[in-house]
Amino acid sequence: MRIVVRASDARVARDAQALLGAAGIQAAALAGPHRQAPDGEDISIVTDGGAPQANDAPLLLNLAGAQIEEPPALGLQLRLGALALNAPPRLLAAQMDAWTRVAIAEEERARRLATASALGVTAPKPMEPRKLKALYIGAPSSMFLALERTLAEQGGLVAAAFTSYTGFDHLHDEPFDAVVLNGAQDAHTALSLCSALRRNATLYHLPTLILTKPGDTATAASAIDRGASAICSTLTPCNASLGWLFEAVRRERRRRAAEHEMRALRDLMGDARTGLWLRDPFDAHLARLAADHHTTGRPMSVVVLRVTPAIGAREPSAEIWRKGFGEIASLAARLMRDADSGATMGTDLIAIALPAARLKNARRTAERIASVAECTAFASGEGGAGPLVFEQSVVELQPGESGPALLARALRAIEVESIPA
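For the structure given in this document, a descriptive report is provided here. Everything numeric here is computed off the predicted structure, so don't read it as measured data. (Residues numbered from 1 in each chain as written. Predicted model: local features only at pLDDT ≥ 70, side-chain atom pairs only at ≥ 80, totals over all residues. Heavy atoms only, no water.)

## Some remarks on the overall build of the protein
Next up, step 1: For the protein, the helix and strand inventory stands at eleven helices and 18 strands.
Next up, step 2: Here the C-alpha atoms of the protein give a radius of gyration of 24 Å, agreeing with the 22 Å that 2.2 N^0.38 yields for 421 residues.
Next up, step 3: When burial is assessed residue by residue, the protein has 49% of its 421 residues classed as buried.
Next up, step 4: Summarising the internal contacts of the protein: among those between residues at least 6 apart in sequence, 67% fall at separations of at least 24.
Next up, step 5: Total accessible area on the protein is roughly 19,500 Å²; 54% of this is exposed by carbon and sulfur atoms. (Helix = DSSP H or I, 4+ residues; strand = E, 2+ residues; numbered from the N terminus. Rg over C-alpha atoms; globule rule 2.2 N^0.38 Å. Buried < 20%, exposed > 50% of the residue type's maximum accessible area, 1.4 Å probe, protein only. Contact = heavy atoms within 4.5 Å. Areas by Shrake-Rupley, 256 points an atom, 1.4 Å probe, with all protein chains shown as cover.)

Next comes the structure, spelled out in C-alpha cells:
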C-alpha cells in the first residue's frame, strides 16, 4: 500500500513516519495538504487535524494520526478512523492491518454493487444494526462499573462472567462487540483466553481490552502480542483505553457490515453449491476490477489452480470427480478473503481475483489453498481415496491489461507448465 503521512509541519510528519517505520509500516511524509504524493497514494494519515489530500484517484482510506493518550470520541457514529501513532509497534501495526482490511472490503462491496446493478441483480439489504454489547470476564473490579456506565451512555449494555468457562459459553451463545478480560487477579488466564480468541475463526477479530496490575508491563506486552486492542491498569483511569476499544468496535462493525454485503452479493451472483461466483458474473466483475485498479493505481492479482489426481492415484469416475471437485471449490471459497472473487472453470480449474494484492500476497493465497486442499482426500469409489495435486499460476495486473487478458495470461501459464518436457 502507498501510505502517506501528512501534517502542516514537516517535522511532525517525519516523526509520525518514524513511528510507523518502527511498526514495520513504510510511509512517505509530506508537509501540507496540497502536495501530491509522487508515487500515488492509497492511505492518507493526517496527524494534525488537517484535511486529507484530494486526489484524482480515490483514496482507499483516510485516517487520523492520534496519540494513544488522546483517542477518538466514544460512540458508534464516527466515520473517520484513527491510529495510535505512539502505541507499541505491534499494536500500531495491528491497527493499520485491520483498517486496511476494512477499506479493501468497503471498496470491494461498492464494486460488487456496481457489477450486480449492471447485471440487473437486486442489491441485498444491509446488515441490521444491533445493540451495542460487551462482555466482562474475570473477578469483580471497578472496571466493570466503568465499562457498564460507558456503554449505558451509548445505549449499550455489559454482561459479566466471572470465570473463563462461562465467558466462553457467553461468547459462543451470543454476539458481542467487545470483551474485557480482568488480568489483574489472574494474568495467566486472561492471556490464555486472549490467545484462544485469536485461534477461533468467529472470534478472531473481537476487540479485546485487558486489565492489568499497576506496573505489570510484562502482562501488558504479552496482551498486545496476543492481539489485545487496549490495555488498562487497575490504578489508571481507563478513559483512553475505552476510547481505543470503541475505535476497534467501530472498525469491526464496519468490517462485518461490508463482508456481510459482499457475501450476499457473491451468493446472488454465485453457485450455492460451492460458494464461488458463476462464470459470467465473474468475468464481468473481473473486467471491472481491472479497470478500477488501473484508475486507482493499486495492484491486483489473479490465481489459477488446476486440480488433478496425483500420479499413480486411481482415476475417479466422472461423478466422483464432479462431487470431489465441488468440495475442493467450496474449500477454496472458505480459504480466500471475503474480498476475493473466485469461479470454477470447466471441470478442474479454479480462478481467483484478488483486489489490492501484490504477486507475493496472491502466491500466499494459492499456496494456502493448495496446502490445505492437498491434505483433503475425497472418495474415488468403493471406499478408496484419491490424493490430489494442485498446479498454481499467479499473475499480477500489468499497465493497460484488461481483466480478460489477465485471466488468459494466468491460464496460459498453467497450460505451458502442464506440457511434459
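## Description of unusual backbone geometry
Next up, step 1: With a phi close to 50°, A356 is a non-glycine residue in the positive phi region.
Next up, step 2: Along the chain, A356 falls in the loop between β15 (349-355) and α10 (359-373).
Next up, step 3: On the basis of relative accessibility, which here comes to 12%, the residue A356 falls in the buried class.

## A few points about the nonpolar core
Next up, step 1: L20, I45, L63, L83 and M96 are the most contacted members of the largest nonpolar core, which has 26 residues in total.
Next up, step 2: Looking at this core, the elements with two or more residues in it are β1 (3-7), α1 (10-22), β3 (43-46), β4 (61-66), α2 (89-118) and α7 (239-268).
Next up, step 3: For this core, the element with the most residues is α2, which contributes eight residues.
Next up, step 4: Dropping the residues within four chain positions of it, M96 is found in contact with I3, I25, I43, I45, L63 and L83.
Next up, step 5: Grouped together as the second largest cluster of nonpolar side chains are 24 residues, I328, M336, A357 and A370 included. (Core = buried A, V, L, I, M, F, W, Y, C linked by side-chain atoms within 4.5 Å.)

## Overview of the packing of aromatic side chains
Next up, step 1: All told, the structure shown has two aromatic pairs when counted by the stated rule.
Next up, step 2: On the basis of an interplanar angle of 75° and a centroid distance of 5.5 Å, the ring pair of Y136 and F144 is categorised as edge-to-face.
Next up, step 3: Residue class for F144 comes out buried when judged on its relative accessible area of 18%.
Next up, step 4: Seen in terms of ring centroids, W321 and F325 are 6.5 Å apart; in terms of plane orientation they differ by 10°. Their pairing is stacked. (Phe/Tyr/Trp six-rings, centres within 6.5 Å; stacked < 30°, edge-to-face > 60°.)

## Description of the pairing of strand β13 (residues 300-309)
Next up, step 1: With eight of ten residues buried, β13 is to be regarded as a mostly interior element.
Next up, step 2: The pairing of β13 with β15 spans seven bridges and is antiparallel. From the neighbouring strand, M300 faces β15, where its bridge partner is P355.
Next up, step 3: As paired strands, β13 and strand β18 (residues 388-396) are joined by nine bridges and run antiparallel to one another. By the bridge assignment for β18, T308 is matched with V389. (Pairing = 2+ DSSP bridges.)

## Observations regarding the environment of G270
Next up, step 1: Looking at where G270 falls in the secondary structure, it is placed in strand β11 (residues 270-271).
Next up, step 2: Once the C-alpha coordinates of G270 and I45 are considered, the two residues, 225 residues apart in sequence, prove to be 37 Å apart.
Next up, step 3: Residues within four places of G270 in sequence aside, it is in contact with L276, W277 and L278.

## Quick word on the side chain of S301
Next up, step 1: Locating S301 in the fold gives a position in strand β13.
Next up, step 2: In this structure the side chain of S301 is engaged in a polar contact, spanning 3.5 Å, whose partner is the backbone oxygen of R358.
Next up, step 3: When neighbours within four sequence positions are excluded, S301 is seen to be in contact with I352, A353, L354, A357, R358, L359, A362, V395 and E396. (Polar contact = N/O pair within 3.5 Å; in protein donor to acceptor, adjacent residues only side chain to side chain.)

## Some remarks on the state of the cysteines
Next up, step 1: Inspection of the entire model under this criterion finds one disulfide.
Next up, step 2: Two residues, C232 and C238, share a disulfide whose sulfurs are 1.7 Å apart. Across the S-S bond of C232 and C238 the torsion is about -85°, and the bridge reads as left-handed.
Next up, step 3: Under the relative-accessibility criterion, C232 is labelled buried at 3%.
Next up, step 4: With no disulfide of its own, C194 lies 15 Å from the sulfur of C232, the closest cysteine sulfur. (Disulfide = S-S within 2.5 Å.)

## Quick look at the sheet that holds strand β9 (residues 208-212)
Next up, step 1: Read from one edge of the open sheet, five strands run β7-β6-β8-β9-β10, paired in parallel fashion. Every other strand in the sheet has two partners, leaving β7 (157-161) and β10 (230-233) as the edge strands with one partner each. Strand-to-strand, the axes of this sheet are offset by a mean angle of 20°, without reference to chain direction. (Axes fitted to C-alpha atoms, helices over the stretch in contact; angles between N-to-C directions.)

## Quick notes on α1
Next up, step 1: For α1, built from 13 residues, the straight-helix expectation of 18 Å at 1.5 Å per residue is met to within 8% by its first-to-last C-alpha distance of 19 Å.
Next up, step 2: Of the residues making up α1, those classed as buried are A13, A16 and L20. Projected onto a plane normal to the axis of α1, the buried residues spread over an arc of 65° and lie on a single side. Along α1, the residues that are exposed and aim more than 90 degrees away from the buried face are R11, D15, A18 and A22.
Next up, step 3: At its buried positions, α1 is contacted by β1, β2 (28-31), β3 and α2. (Expected span 1.5 Å × (residues − 1). Arc of directions from axis to C-beta.)

Any link to function would need more than the numbers given here.
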